[in-house]
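Residue-level structural notes
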Amino acid sequence: MELFVSEGNPHCLKVLAALEVTGVQCGVQFINHEGKVVPFLPRPALPTLFLPSGQHLFSSNSICRYLFELNGPESSNQCNQWLEWEATVLQPALVRALHMAVLQGKGSEVSKVLHGPLNVLDQSLAKGNMAYLTGEAVSVADVVLWGALHPLLSVSSLPLSDHKSVKAWFDRVAAMRGCQSAAQKVLQGKGLEAMKSYMQKQPAPQSSQCRDTQPCNSSPAETDEGERAVSEEEMEAAALTWSKDLNACSQATEKQHPIMPQEGNRNVLITSALPYVNNVPHLGNIIGCVLSADVFSRYGHLRGWNVLFVCGTDEYGTATENKAREEGLTPKQICDKYHAVHSSIYKWFQIDFDFFGRTTTEKQTEIAQDIFWRLHNNGFLVEDTVEQLRCENCQRFLADRFVEGTCPHCSYPEARGDQCDKCGRLINAVELREPQCKVCRQSPVIRSSKHLFLDLPKLETQLEQWLERSTSSGDWTANAKQITRSWLRDGLKPRCITRDLQWGTPVPHPDFKEKVFYVWFDAPIGYLSITANYTNEWEKWWKNPHQVELYNFMAKDNVPFHSVVFPCSLLGAQDNYTLVNHLVATEYLNYEDTKFSKSRGVGVFGDMAKDTGIPSDVWRFYLLYVRPEGQDSAFSWADMALKNNSELLNNLGNFINRGGMFVTKFFEGCVPAMELQQEDKKLLAVVGWELQQYIQLMDKVKIRDALKHILNISRHGNQYIQVNEPWKKIKGGESERQRAGTVTGVSVNIACLLSVMLLPYMPAVSQTIRDQLNAPQSCINTMLQGPGTFVCALRAGHRIGTVSPLFQKLEADQIEALKKRFGGQQLEDEPSNKKITASTQPAAVPAPAAVAEVKVVVGSDPEKAKQLATAVAEQGDKVRALKSQKAEKDVIAAEVSKLLDLKKQLALAEGKNPEPAPQKGKKK
């Protein structure tokens, strides 16, 4: 045997290291980079191994594997997966990184390019807890990956502080004498400088990094950065993967309930923020919580993880009491009614919960009270006295939303118990002048009430230590980290955990037996109690931090309760609770150019979507396409129609339908024989790369960005069909007919892969595609294994099913009608609204303090007033949330302005003067 290599060539470093480590006897010749040693190749190929049989090996990974297997066992499946990952994922990143470092002098930017692959390698090494990639002995995978990374990782300017497992492994392999010797021979002790001559002769790499900052509503076609350069090694690796036998791969399995943690598997517990029971969720609520969590849960199953996905309705608190009073029902009846509404909506959206529960259960009381007593006994609760307003007529303390009065700062007569919506100042309810109970309009009195507080300052050090570990090792979104830091920046304050209400989990302490737990303390415990109602062995999920990974999905307004308050409750309980590892928070989804509002008829709510006639999978697709991952985004009817018609109908649906129709029309419904040419292998490599990117992004919960790569694959497929024109070639000679068959067979196999990648996003469409292709069930769990496995699932002779179009066009008039229907015009067109003017309004008459209800006067509209009162409550909640998050002043001001406008509309609808009466003097 003779091995031909060249100095400064990183691929030669790998094979020389393999030769030295294995000790195989072989001649070595160093030649020029341009040296042509394989006569039938059109360009130089180094390294090259001449075999005694006269054959040549000129893939560096194939040479390494040959050398290791010559005197040792055959490479394991795990080892081969690492070699494929190196060729298809790591190498493209290394080519870009080396080009930047060696030729452009941008060594400082290399870490950004390598961050993703190094994360994958680091997590695998950390999870496996082994000395080497596949076990306790060095394998060909270790030598290949070490050789590929050595030129860059041996440079001190590239820090590995974030990848400690990689550093330990790299140093361990580098310490081997054979590796040291190989590095000296190829790089001559010159480091990256030795590679300059070699790199100057290589083509400039195409940038292929995903851009996290692309606009949320942008089309993937708009963000493509040109065709990727595909190496010979990538093509051969893709062809090798394609040829694997699907039947030998793992079979898809049905869920077996109850799902419990499994030894040796990745156990993933997924929660979605509990929707409040008295509200019908709108599209923003759905994408921010349950839909995002559902996509990741489905993806986890495809990856072979052991996943449990739980959610439920949050049912206790003031808002439920208020809603019950409005509808003349008991709180329990309201909860039953709206729990059913939520369940129906999520079922239509195909949200595949393993269990959807509720918080008004005995398990909730049991677990919440247990945590309470643990906090109490561990010294993390403190007592304090709070002055509150109490309505003697209603015999209850008044929550903020149940009291209204004159603002002490600007004299606005309808200020709420916690803030004035006119001047925007935060106020204490006891500071209101002339306060009124909103239920009976009686004047409340000030009473002191003793409450319990969670001593957050006492838990702050524990919290910060845990946060440091969790945010550095887990996938926390940037907004989750930022919001959490802002809460910690000024120091934590004790937080009240009790309320003077009736509808809630009772406080078990004898001194507080008339109180219930504050909903912010009680609601997150719902995750635990809902799981406990799913299985009596719930503690195997929630008291098992070493075996379970916890993902929390929510909108950003819920972050502090999940990153600060709830973790403090569990840390203080000191009962080995599972704390969140990955906190995934979205920004806000707006509706067109405004906000969702049920009361004003603006926006699409969950119970309305199915009445549009648009399939739930199309709703899922568009919401995920515009998912507000890094910034706020907006639902737009025009954009939804555009994405449906261009991406689903003309791109994805067109490609899948064409391949299937060609099989039916030209090959009697059976997949034809396929003889791969270089063009086909190149397509397989490109598709394989898109699959790798999809997996890397989905692993990091970049759901919107991963969707881009599905659509890219169908775009590549359409181009492939268009260039090869199988409909013409089928009419030609034998070779042309064969070519038509290959193109058709490759196309339907890509369609099969797309059906699997689509499953988390569009489950019904995914099933339809697999039904039309008559795809084997085992393809579901095969394609997303390891770094991605694009195999030929539909072999020659496979009979497909009946092919039909997957999507329908959304017509302009249909969209315009829907836009008008959900744009709030129905309220604007009401005659009572049009007739109200300043001149027709009666003068404001001061109402007695103790009237039972507001008297209806000329020009009032009770039904409209009821709708607007709800809108005011919603907008007020939003303003308070922004203030609690310390949002920018201009953002708060804009929302306060909207609130004041709603208050004026409400005053008009109630027949009142919308402006406060001038103050003639202050009360003494």
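Thresholds, definitions, all that
- Residues numbered from 1 in each chain as written.
- Predicted model: local features only at pLDDT ≥ 70, side-chain atom pairs only at ≥ 80, totals over all residues.
- Heavy atoms only, no water.
- Helix = DSSP H or I, 4+ residues; strand = E, 2+ residues; numbered from the N terminus.
- Buried < 20%, exposed > 50% of the residue type's maximum accessible area, 1.4 Å probe, protein only.
- Contact = heavy atoms within 4.5 Å.
- Salt bridge = Lys/Arg side-chain N within 4 Å of Asp/Glu carboxyl O.
- Expected span 1.5 Å × (residues − 1).
- Pairing = 2+ DSSP bridges.
- Right-handed = clockwise from strand over helix to strand, strands pointing away.
- Arc of directions from axis to C-beta.
- Polar contact = N/O pair within 3.5 Å; in protein donor to acceptor, adjacent residues only side chain to side chain.
- Phe/Tyr/Trp six-rings, centres within 6.5 Å; stacked < 30°, edge-to-face > 60°.
- Lys NZ or Arg CZ within 6 Å of the ring centre and 35° of its normal.
- Axes fitted to C-alpha atoms, helices over the stretch in contact; angles between N-to-C directions.
- Parallel < 35°, antiparallel > 145°, perpendicular 65-115°, else oblique.
- Core = buried A, V, L, I, M, F, W, Y, C linked by side-chain atoms within 4.5 Å.
- pLDDT = per-residue confidence, 0-100.

Each helix and strand in the chain was counted, giving 34 helices and 20 strands. Taken across its 924 residues, the chain has 56% of its residues classed as buried. A separation of at least 24 residues holds for 77% of the contacts in the chain among residues at least 6 apart in sequence.

A few words on the pattern of salt bridges. A complete count under the given rule lists 37 salt bridges for this structure. Among the ionic pairs, Lys323 bridges to Glu327, the shortest N-O distance being 3.8 Å. Separated by four residues within a single helix, Lys323 and Glu327 lie in helix H12 (residues 318-327), roughly one turn from each other. Residue classification places Lys323 among the buried residues on the basis of a relative accessible area of 18%. A relative accessible area of 28% means that Glu327 is categorised as partly exposed. Salt-bridge contacts for Lys543 lead to Glu539; the nearest nitrogen and oxygen are separated by 3.3 Å. Overlapping salt bridges bring together Asp370, Arg374, Glu539, Lys543 and Asp575 as one network.

Let us look at helix H24 (residues 678-699). Taking 1.5 Å of rise per residue, 22 residues should cover 32 Å, and H24 covers 31 Å from first to last C-alpha, within 8% of that figure. In terms of burial, H24 is a largely internal element, 17 of the 22 residues being buried. Positive backbone phi, at 60°, marks Val701, one or two positions downstream of H24.

With that settled, the discussion passes to the pairing of strand S2 (residues 27-30). As paired elements, strand S1 (residues 2-5) and S2 share four bridges and run parallel to each other. By the bridge assignment for S2, Val5 is matched with Phe30. Taken together, S1, helix H1 (residues 10-22) and S2 form a β-α-β motif whose crossover is right-handed.

All right, on to helix H6 (residues 164-174) then. Here H6 has its buried residues at Val166, Trp169, Phe170 and Val173. The buried residues of H6 occupy an angular sector of 100° when projected down its axis, which confines them to one face. On its buried face, H6 sits against helix H4 (110-128), helix H5 (140-153) and helix H7 (177-187).

Locating Ser292 in the fold gives a position in helix H11 (residues 283-302). Looking at Ser292, its side chain comes within polar contact range of the side chain of Arg627, at 2.7 Å.

Looking now at the packing of aromatic side chains. According to the stated counting rule, one finds 32 aromatic pairs in the structure shown. Of the aromatic side chains, those joined through ring pairs into one cluster are Phe296, Tyr299, Trp305, Tyr551, Phe553 and Tyr694. Lying across the ring of Phe397, Arg390 places its NZ or CZ 5.3 Å from the centre. Looking at Arg495, its charged tip hangs above the ring of Trp520, at a distance of 5.1 Å from the centre.

Our focus in this paragraph is the packing of helix H10 (residues 232-242) against H24. Put simply, H10 and H24 touch, their axes get as near as 8 Å, and they point 85° apart. Between H10 and H24, the crossing angle belongs to the class labelled roughly perpendicular. Two secondary-structure elements touch here, H10 through Glu232, Glu234, Met235, Glu236, Ala238, Ala239 and Trp242 and H24 through Gln678, Lys681, Lys682, Leu684 and Ala685.

Grouped together as the largest cluster of nonpolar side chains are 181 residues, with contacts concentrated most on Ile371, Trp619, Trp637, Tyr694 and Tyr761. Once residues within four sequence positions are removed from consideration, Tyr761 is found in contact with Arg620, Leu624, Tyr694, Met698, Ile703, Ala706, Leu707 and Ile710. Judged by nonpolar contacts, the second largest core, of 70 residues, contains Leu67, Phe68, Leu94 and Leu160.

Turning our attention to the confidence of the model for the chain. Confidence in the prediction for the chain averages 85 pLDDT; 87% of positions are at 70 or higher. Across residues 207-226, where pLDDT falls below 50, the model places 56 contacts with residues more than four positions away in sequence or in other chains. Note that pLDDT drops below 50 for residues 247-252; the model gives that stretch 11 contacts with residues more than four away or on any other chain.

Let us look at the sheet that holds strand S8 (residues 381-391). One open sheet accounts for four strands, arranged S9-S8-S13-S14; its pairing is antiparallel. Among the strands making up the open sheet, the edge pair consists of strand S9 (396-397) and strand S14 (495-496). Relative to strand S13 (residues 445-454), S8 runs antiparallel, the two sharing 10 bridges. Counterpart to Glu387 in the pairing with S13 is Ser448.

Next up on the list: the pairing of strand S18 (residues 582-586). Counting buried positions along S18 gives five out of five residues, so the element sits mostly inside the fold. Side chains His582, Val584 and Thr586 of S18 all project onto a buried face; the interleaved residues Leu583 and Ala585 project onto the opposite face, where all are buried too. Judged from the five bridges that link them, strand S17 (residues 548-555) and S18 form a sheet pairing that is parallel. Bridged to Tyr551 within S18 is His582.

Here four strands make up an open sheet; going across it, the order is S2-S1-S3-S4 and the pairing mixed. The open sheet has two free edges, formed respectively by S2 and strand S4 (56-57), since each of these has just one partner strand. Packing of H1 onto the sheet brings it into contact with S1 and S2, and relative to S1 it is tilted by some 145°.

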